[in-house]
Amino acid sequence: MADADAICRVRKIIERDSERRFIVVSAPGKRYSSDDKITDLLYGCYDDIVSKGNCAERFSRVAERFIGISKRFSLKTDVEALLNDVSLQMITKKSRAFCASRGEYISARLLSDILGFEFVDAATIIRFTGNGKFDFNATKRIIGKKLKKSPNAVIPGFYGADVAGNCFTFSRGGSDITGAIVASGINAKAYENWTDVNGVMFCDPEIVPYVKTVKVLTYKELRELSYGGASVMHPESVFPLTEKRIPIIVKNTFNPDGNETVVIADESYSCKNGGFACVTGRKNFAIIHVEKKLLDSEDSVREKILSVLKRNGLRAEHLLSGTDKISVVVSAKNVSVDDRSDLIYKIEKRINADIVRIIDNVSLISVVGRGVTETGNVTRIFESLKKENVNLKMIDYGSDRLCIVIAVSNADYEKSIKILYDNFNGRQ
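What you are looking at is a predicted structure, and each value in this text was computed from that prediction instead of being measured.

Trainee: Which parts of the structure should I look at to understand the pattern of salt bridges?
Mentor: It is possible for side chains of opposite charge to pair when their charged atoms get near one another. One pass over the structure, following the stated rule, counts 19 salt bridges. For the salt bridge of D35 with R31, the shortest nitrogen-to-oxygen distance reads 2.7 Å. Classification of D35 as buried rests on a relative accessible area of 8%. A salt bridge links R58 to D48; the nearest nitrogen and oxygen atoms lie 2.9 Å apart. Separated by ten residues along the polypeptide, R58 in helix 3 (residues 56-70) and D48 in helix 2 (residues 38-52) bring together distant segments of the chain. With relative accessibility at 27%, the residue R58 sits in the partly exposed group. Via salt bridges that share partners, R31, D35 and R65 belong to a single interconnected network.

Structural data, given as structure tokens:
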């Protein structure tokens, strides 16, 4: 939805299949690397409203994008009037969530006009509680009643409202969640998620250009990949589909006839395609390593460490513990040089620790696939990385035999991804 060309592609895709009845849209993203995402501009608008009382200068850039899109189409909508109304509401409401949601709202208004579909405001069907918690049961009832009578509709993603009309949003990328919610609410045959790549790849194609598409994944595998860093779908988008076991089909907007990935509920299916492992990851973490004699005999020591981290704005990504030690992985961007001495002091004081140190420049790599934690596979991971002189800083895997998380240095990140892909899947 970034520009008029993208919307033309979307229209062709929708018109190819009459069963594509309900369309959930995102706000326009970047058209090129230095471009702005509309949602980022709208968050800036909110900041301007709070600090200056208006957002005229920044909102003009938002308006320019949408007016440019609208000029390619013969619309019934008065786009300038729509934009003026949105700008006024943003200033009046002074709500961060409301401001952020207007990119999806305007996109959906324009696309519904272009397609000749009904526009259904997400605020009328996606229900949140007064404290901002998503209410799935209420939403299902509303969607079932509202959309049952509609042959076709365009719905903005990312946001909803409470019974009083106050706007709330999901986390960034939340249009995926809205799409899954709508699919569940209407008992859809499938939920198509259109992105900019040919389905889900075995790893990042920018690191391994010859990587292939995964043909079939399970819900759990997709969630592990999304959480681990694969920028395919929001990790929470699976949950609305689980009860009715609705399959997800991940396709490429720029190549509608290209490879696709089907995501299913069947946990007996293994992630395989001439190998087994999907590999993803993220950079820039820190490991907070704590040692204390008889740590394992104190029931509350882990909770005390986590409470210190929480008060300092840190969330544990992974936690590994031994007899006398514990390691907690956190995002490095939240562990500034100025704060780390104070953080170390607080942990030492809170639990009377013997050693507290912070390991910087860490990347987390997730190797995902059913059966990945079997002994032979774990050995292959160790041996393949050791052969290329990659030093493992941490390894974590659970009892579900689904995912292994490996910590390496940032400098070894790309090399490790390629080694693991080649070792398990072979150069395709």
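Trainee: I keep staring at the sheet that holds strand 2 (residues 118-119) and nothing clicks. Help me out?
Mentor: In spatial order, the strands read 1-3-2; together these three strands make up an open sheet with parallel pairing. The open sheet terminates on both sides in strands that have one partner only, identified here as strand 1 (22-25) and strand 2. Strand contacts of helix 7 (residues 175-185): strand 1 and strand 3 (153-156), with the helix running at about 165° to strand 1, the strand carrying the most contacts.

Trainee: Quick question: what am I supposed to make of the sheet that holds strand 12 (residues 325-331) here?
Mentor: Sheet strands pair via backbone hydrogen bonds, and the direction of the pair is either parallel or antiparallel. Overall, antiparallel pairing links the six strands, which are arranged 11-12-10-13-15-14 in an open sheet. The open sheet has two free edges, formed respectively by strand 11 (318-321) and strand 14 (394-397), since each of these has just one partner strand. Strand-to-strand twist across the sheet, computed as the mean angle between neighbouring axes with direction ignored, equals 30°. The pairing of strand 13 (residues 355-368) with strand 15 (residues 403-409) spans seven bridges and is classified as antiparallel. In the sheet register, L364 faces strand 15, and the bridge partner there is A407. In the packing of helix 8 (residues 219-228) onto the sheet, the strands contacted are strand 10 (278-291), strand 13 and strand 15, and the crossing angle to strand 10 comes to about 65°. Across the sheet, helix 11 (residues 337-351) is in contact with strand 10 and strand 13; its angle to strand 13 comes to roughly 100°.

Trainee: Just to check I follow, could you spell out unusual backbone geometry for this structure?
Mentor: The phi angle of most residues is negative, glycine excepted, and most peptide bonds adopt the trans form. The phi dihedral of N187 is positive, around 55°, even though this residue is not glycine. Relative to the elements of secondary structure, N187 occurs in the loop between helix 7 and strand 6 (191-195). Backbone geometry places N284, a non-glycine residue, at a positive phi of 65°. Tracing the backbone shows N284 in strand 10.

Trainee: So what exactly am I meant to see when it comes to helix 2 here?
Mentor: For an α-helix the count is 3.6 residues per turn, leaving residues at separations of three or four pointing the same way. With 15 residues, helix 2 extends 20 Å from end C-alpha to end C-alpha; this agrees with the ideal 21 Å at 1.5 Å per step. Looking at the packing, one finds that the buried side of helix 2 touches helix 3, helix 4 (79-93) and helix 5 (96-115). Among the residues trailing helix 2, G53 stands out with phi positive, at a value near 90°.

Trainee: Even after reading the chapter, I still don't get the nonpolar core, so can you show me in this structure?
Mentor: Counting residues in hydrophobic clusters, the biggest one holds 56 residues, and the most contacted among them are F59, M90 and L111. Broken down by element, the residue count for this core peaks at ten residues, all from helix 5. What M90 contacts, discounting residues up to four positions off in sequence, is L42, C45, I49, C55, F59, F98, C99 and R102. In terms of nonpolar packing, the next biggest core, distinct from the first, is built from 55 residues, V200, V368, V408 and I417 among them.

Calculation criteria
Residues numbered from 1 in each chain as written. Predicted model: local features only at pLDDT ≥ 70, side-chain atom pairs only at ≥ 80, totals over all residues. Heavy atoms only, no water. Salt bridge = Lys/Arg side-chain N within 4 Å of Asp/Glu carboxyl O. Buried < 20%, exposed > 50% of the residue type's maximum accessible area, 1.4 Å probe, protein only. Helix = DSSP H or I, 4+ residues; strand = E, 2+ residues; numbered from the N terminus. Pairing = 2+ DSSP bridges. Contact = heavy atoms within 4.5 Å. Axes fitted to C-alpha atoms, helices over the stretch in contact; angles between N-to-C directions. Expected span 1.5 Å × (residues − 1). Core = buried A, V, L, I, M, F, W, Y, C linked by side-chain atoms within 4.5 Å.

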